[in-house]
Amino acid sequence: MRKIALEEHFSAPGFEKYLDAVVPMFDPAALATIEKLLPEFDDQRIDMMDRCEIDIAILSQTAPGVQGEADSNNAVKTASASNDFLAERISRHSERYRGFACVALQAPTEAAAELERCVNELKFVGVLVNGQTGGEYLDDAKFDVFWERVSALQVPLYLHPGIPYDQSRVFTGRPELKGAIWEWTCDTATHALRLVFGGVFDRFPNVKVILGHMGETLPFSLWRLDSRIAISSFGKAMKKPPSQYIRDHILVTTSGVCANGPLLCSVSELGEDSVMFSTDYPYENAEIAARFIEDAPLNTEQKEKICFRTAESLFKL
Ligand code: MN
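Every residue gets a number counted from 1 within its own chain, in the order that chain's sequence is written. Restriction of local features to residues with pLDDT of at least 70 applies here, the model being predicted, together with a cutoff of 80 or more for giving and counting side-chain atom pairs; totals for whole chains, interfaces and linings are based on all residues. Values reported for side chains reflect all heavy atoms of the structure, with hydrogen atoms and water molecules removed beforehand.

Draft legend 1. Structural detail: the overall build of the protein. Only DSSP runs of H or I with at least four residues qualify as helices, and only runs of E with at least two residues qualify as strands; both kinds are numbered from the N terminus onward. Tallying secondary structure elements over the protein gives 12 helices and eight strands in all. Against the compact-globule benchmark of 20 Å for 317 residues, the protein has a radius of gyration of 18 Å, which places it among compact chains. Expressed as lengths along the three principal axes of its C-alpha atoms, the size of the protein is roughly 55 × 50 × 45 Å. A simple rule labels every residue: compare its accessible area, found with a 1.4 Å probe on the protein chains alone, to the largest value its type can have, and call it buried under 20%, exposed over 50%, or partly exposed in between. Expressed as a percentage of the 317 residues in the protein, the buried residues total 54%. Contacts are assigned to residue pairs that have any heavy atoms within 4.5 Å of one another. Put simply, 79% of the contacts in the protein that link residues at least 6 apart link residues at least 24 apart. Accessible surface for the protein amounts to roughly 13,800 Å². Of this, 53% is attributable to carbon and sulfur atoms. Within the protein, the 46 negative side-chain charges are centred at a point lying 4 Å from the centre of the 32 positive side-chain charges. Only C-alpha atoms enter the radius of gyration, while the globule expectation follows 2.2 Å times N to the 0.38, with N the number of residues. Reported accessibility uses the Shrake-Rupley method at a 1.4 Å probe radius. Residues are deemed covered only where the shown protein chains occlude them. Charge assignment: positive for Lys and Arg, negative for Asp and Glu; neither His nor the chain ends contribute. Charge coordinates come from a single atom per side chain, which is NZ of Lys, CZ of Arg, CG of Asp or CD of Glu.

This is the structure in structure tokens:
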């Protein structure tokens, strides 16, 4: 079955230094392969897509990307250079690739302008943000100027894990928990819940956010979020239960989770129109991801929605 994949990463020149933060988390041999594939757009990536029947990959700068830049002026310049680089690479395979904008949220007004340039001039189809920026999360009112532009341009925002700002004591002395194994899931799910509880979807009712990794555990937790907020002293201003905000505004991808239980949970809790195929290339094996969705215990109509129909309509492809 043909597919569109949307958590597919690359690295632009100059971004290698931001990867230093994740290097200690990887087995060196695995990291060497990943680092070879990230800047490659021609042979191996296209071969992989052909083998997996991925017609279109929507590419994004790998984490932490520009979120890892401490200097705001540098971040603005670096984001813009990454977007120009990606646009040039896409133009060499314009049938196969689309792009997510990389924006410097260190400067929210400039990030809004860069997103507009990316969508209107470079024809990118959305924006991907790698977690927190300088310890700030996207529910902060300072980012409303950016959300206004996301909303006006009608493009989705992919909230991808990044490097957490700080670490809860529960991680102390247990490096196994760091990174993609567990730490990033907690951080990204919590960031997404900040959007729900922080009123972002009330202020910007047509905004759509995408979470990878089968929703970073949120589909599993909807009933409990509703049940516990109902007896909490907080959250009284919410117009809808948390589950409803999540169903109305959040879509998830299958990236990095090739198991039927979480897939069926996501389809059941969010609906079959809110789950989209992705691979998390080159961090994950794309062929395992493709085989997983082909073999999933869903009917053809459901698989078509997950593999390409929902992405086609969301990104106007
Ligand atoms: Mn990823």
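Draft legend 2. Fine view of empty space enclosed by the protein. A 1.4 Å probe that fits but cannot get out identifies a cavity on a 1 Å grid over protein atoms alone, an open set with protein on both sides within 12 Å along at least five of seven lines counts as a pocket, and a residue lines either if it has an atom within 4 Å of a point. Grid points are joined across faces, edges and corners, and a volume is the space filled by probe spheres set on the points. Following the criterion strictly, the structure yields one cavity of 30 Å³ or more and no others. A volume near 60 Å³ is recorded for the largest cavity. Lining the largest cavity are Ser60, Gln61, Gly65, Val66, Gln67, Phe100, Ala101, Cys102, Val103, Leu128 and Asn130. Elements with a contribution of two residues or more to the lining of the largest cavity: strand 2 (54–61), strand 3 (97–101) and strand 4 (126–130). The nonpolar class holds Ala, Val, Leu, Ile, Met, Phe, Trp, Tyr, Cys and Pro. Asp, Glu, Lys and Arg form the charged class, and all remaining residues, Gly among them, are polar. Each residue belonging to the lining of the largest cavity can be placed in one class, and the counts come to six nonpolar, five polar and no charged.

Draft legend 3. Just the pairing of strand 7 (residues 250–253), in detail. A two-sided burial pattern is seen for strand 7, the buried positions comprising Ile250 and Val252 on one face and Leu251 and Thr253 on the other. A pair of strands counts as paired when DSSP detects no fewer than two bridges linking them. Where strand 6 (residues 209–211) lies against strand 7, three bridges are found, and the strand directions are parallel. Looking across to strand 7, one finds that Leu211 is bridged to Val252. By the bridge criterion, two bridges tie strand 7 to strand 8 (residues 275–276) in an arrangement that is parallel. From the neighbouring strand, Val252 faces strand 8, where its bridge partner is Val275. Crossovers are marked right-handed if the path from the first strand over the helix to the second runs clockwise, as seen with the strands pointing away from the viewer. Once the chain exits strand 7 it traverses helix 10 (residues 260–270) before rejoining the sheet at strand 8, and the crossover so formed is right-handed.

Draft legend 4. Looking closely at the environment of Pro297. Tracing the chain through its elements places Pro297 in the loop between helix 11 (286–295) and helix 12 (300–314). Measuring from C-alpha to C-alpha, the distance between Pro297 and Asn260 comes to 7.5 Å, with 37 residues separating the pair along the chain. Non-local contacts of Pro297, meaning those with residues more than four positions away in its chain, are made with Asn260 and Leu264.

Draft legend 5. Just the pattern of salt bridges, in detail. Think of a salt bridge as a Lys or Arg side-chain nitrogen and an Asp or Glu carboxyl oxygen that are within 4 Å of each other. Under the defined criterion, the tally for this structure stands at 19 salt bridges. For the salt bridge of Glu88 with Arg92, the shortest nitrogen-to-oxygen distance reads 3.0 Å. In this pair, Glu88 and Arg92 are both assigned in helix 3 (residues 72–92), four residues apart and thus about one turn of the helix distant. For Glu88, a relative accessible area of 34% translates into the label partly exposed. Taking relative accessible area as the criterion, Arg92 reaches 45% and is therefore assigned partly exposed. With its nearest N and O atoms 2.9 Å apart, the salt bridge here joins Glu176 to Arg174. Its relative accessible area of 45% is what places Glu176 among the partly exposed residues.

Draft legend 6. Examining the coordination of the manganese ion more closely. Within the protein, the manganese ion binds to Glu7 (OE), His9 (NE2), His160 (NE2) and Asp280 (OD); these donor distances fall in the range 1.9 to 2.2 Å. Listed donor atoms are N, O and S within 2.8 Å of the metal (Na, K and Ca: 3.2 Å). As water is not included, a site may look incomplete. Here the donor residues of the manganese ion are spaced in sequence according to E-x1-H-x150-H-x119-D. Of the two residues, Glu7 sits in strand 1 (residues 3–10) while Asp280 sits in the loop between strand 8 and helix 11, which places them 273 residues apart along the sequence.

Draft legend 7. Structural view of helix 11. Turning to helix 11, its buried residues number three or more, namely Ala286, Ala289, Ala290, Phe292 and Ile293. Buried residues of helix 11, viewed axially, fall in a sector of 160°; they line one side. Set apart from the buried face of helix 11 by more than 90 degrees, the exposed residues are Arg291 and Asp295. Its side-chain oxygen 2.9 Å from the backbone nitrogen of Glu287, Asn285 forms the N-cap of helix 11. Directions drawn from the helix axis to the C-beta atoms are what define this arc. Whenever two N or O atoms come within 3.5 Å, that pair is a polar contact, provided that in protein one can donate a hydrogen and the other can accept it, and provided that, for residues adjacent in sequence, both atoms are side-chain atoms.

Draft legend 8. Structural detail: unusual backbone geometry. Between Ala63 and the following residue, Pro64, the backbone shows a cis peptide bond with an omega angle of -5°. Structurally, Pro64 is set in the loop between strand 2 and helix 3. That bond from Tyr281 to Pro282 is cis: its omega, 0°, falls within 30 degrees of zero. Positive phi is not limited to glycine here, since Lys316 has a value of about 50°. Secondary-structure assignment places Lys316 in the segment after helix 12.

Such coordinate-based values are descriptive only and should not be taken to indicate function.
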